[in-house]
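# Close look at the chain arrangement
Below are the chains, spelled out letter by letter.
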Amino acid sequence: MRLLAFAASLRNESLNHQLVALACEIARREGADVDLARFSEFEMPLYDGDLDRASGLPAGALELKRRVEAAQALLIAAPEYNYSIAGPLKNAIDWVSRARPMPWRGRSVYLLSASPSPMGGIRGLWQTRIPLEGCGALVFPDMFALAHAGEAFDADGRLRDVGLAGRLEREIAGFVRLAETLAPICSVAATRETKARQEKIVPALEDESHIQPPAR
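Quick notes on the rules
- Residues numbered from 1 in each chain as written.
- Predicted model: local features only at pLDDT ≥ 70, side-chain atom pairs only at ≥ 80, totals over all residues.
- Heavy atoms only, no water.
- Axes fitted to C-alpha atoms, helices over the stretch in contact; angles between N-to-C directions.
- Helix = DSSP H or I, 4+ residues; strand = E, 2+ residues; numbered from the N terminus.
- Parallel < 35°, antiparallel > 145°, perpendicular 65-115°, else oblique.
- Left-handed = near helix turned anticlockwise from the far one by under 90°.
- Contact = heavy atoms within 4.5 Å.
- Nonpolar A, V, L, I, M, F, W, Y, C, P; charged D, E, K, R; others polar.
- Salt bridge = Lys/Arg side-chain N within 4 Å of Asp/Glu carboxyl O.
- Buried < 20%, exposed > 50% of the residue type's maximum accessible area, 1.4 Å probe, protein only.
- Core = buried A, V, L, I, M, F, W, Y, C linked by side-chain atoms within 4.5 Å.
- Pairing = 2+ DSSP bridges.

Let's shift gears to the packing of helix α1 (residues 15-29) against helix α6 (residues 162-186). In contact at an axis separation of 9 Å, α1 and α6 are set at 60 degrees when each is read in the N-to-C sense. Classified by the interaxial angle, the pair formed by α1 and α6 is oblique. Considering the relative orientation of α1 and α6, their crossing is right-handed. Within the contact between the two elements, α1 uses Leu19, Leu22, Ala23, Ile26, Ala27 and Arg29 and α6 uses Leu168, Glu169, Ile172 and Val176. When the residues that make up the contact of α1 with α6 are grouped by side-chain class, the tally is eight nonpolar, no polar and two charged.

On to the pattern of salt bridges. Summed over the entire model, instances satisfying the criterion amount to 14 salt bridges. The partner of arginine 158 in a salt bridge is glutamate 25, with the nearest N and O atoms 2.4 Å apart. You can see arginine 158 sitting in the loop between β8 (144-146) and α6 and its partner glutamate 25 sitting in helix α1, a full 133 residues away along the chain. For glutamate 25, a relative accessible area of 30% corresponds to the partly exposed category. With a closest N to O distance of 2.7 Å, arginine 167 and glutamate 171 form a salt bridge. Taken together, the residues arginine 167 and glutamate 171, both in helix α6 and four residues apart, mark about one turn of the helix. Given a relative accessible area of 28%, arginine 167 falls into the partly exposed group.

To continue, consider the nonpolar core. Core analysis: the largest hydrophobic core is formed by 33 residues, its most contacted members being Phe6, Leu64, Ile76, Trp104 and Leu132. Every element with two or more residues in this core is listed here: β1 (2-7), α3 (59-69), β3 (73-77), α4 (87-96), β6 (108-114) and α5 (122-134). Among the elements that make up this core, the one with the highest residue count is α4 (five residues). Sequence-distant contacts of leucine 64, defined by excluding residues within four places in its chain, comprise Leu4, Phe6, Phe42, Met44, Ala92 and Val96. Core analysis: the next-biggest nonpolar cluster, separate from the first, contains 32 residues, Ala27, Ala77, Ile172 and Ala179 among them.

Among the five residues that make up β3, five are buried, leaving the element largely enclosed by the rest of the structure. Burial along β3 is two-sided: Ala73, Leu75 and Ala77 facing one way and Leu74 and Ile76 facing the other are all buried. Examined bridge by bridge, β1 and β3 share five bridges and lie parallel to one another. Pairing of alanine 5 across the sheet is with leucine 75, part of β3. Pairing of β3 with β6, which is carried by five bridges, proceeds in the parallel orientation. By the bridge assignment for β6, alanine 73 is matched with serine 108.

Rendered as structure tokens:
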């Protein structure tokens, strides 16, 4: 399964990029093929209906569209701006949503955030869900908000807090597994390899009878 990952921040020393890069390592260990991008690769103007009508998507939006369409799922680290979604990310979602068929539809998304604040950016993540889900993305129920992020990483880029590190491992593993299961059903980008893995996943889910009620 192919994952597109990026932090919706243009800062070179972005804490959100550091967090999503760590999440990518976990996803790769879970078998995902990860495309880790810098948000600067998707530079685009503010959405303008006249510009859209005259010339369609600008180059940065076309590049993001291409990368989204090449993936079955996304890891997005979204900074919180003034208690809400970051403007550059909302703008990118809006531009790409103008393409047809809708690129966001049917793709699984896991949301993360890193913030120096004690809230970890969680308020922004709740706002970020809205346009993505409105565009048909399948946003994973759990979200990871890293508080006091300026002190959260060690010299190797790992999380100092063992409990938080374990939680991120579990959630990314669960997300990859769920995205693999949903991709052949929901995503037009499903590949032959993904479908082959799906054939193995379904029996495995059926074997987990200890977490399911007995058949009647």
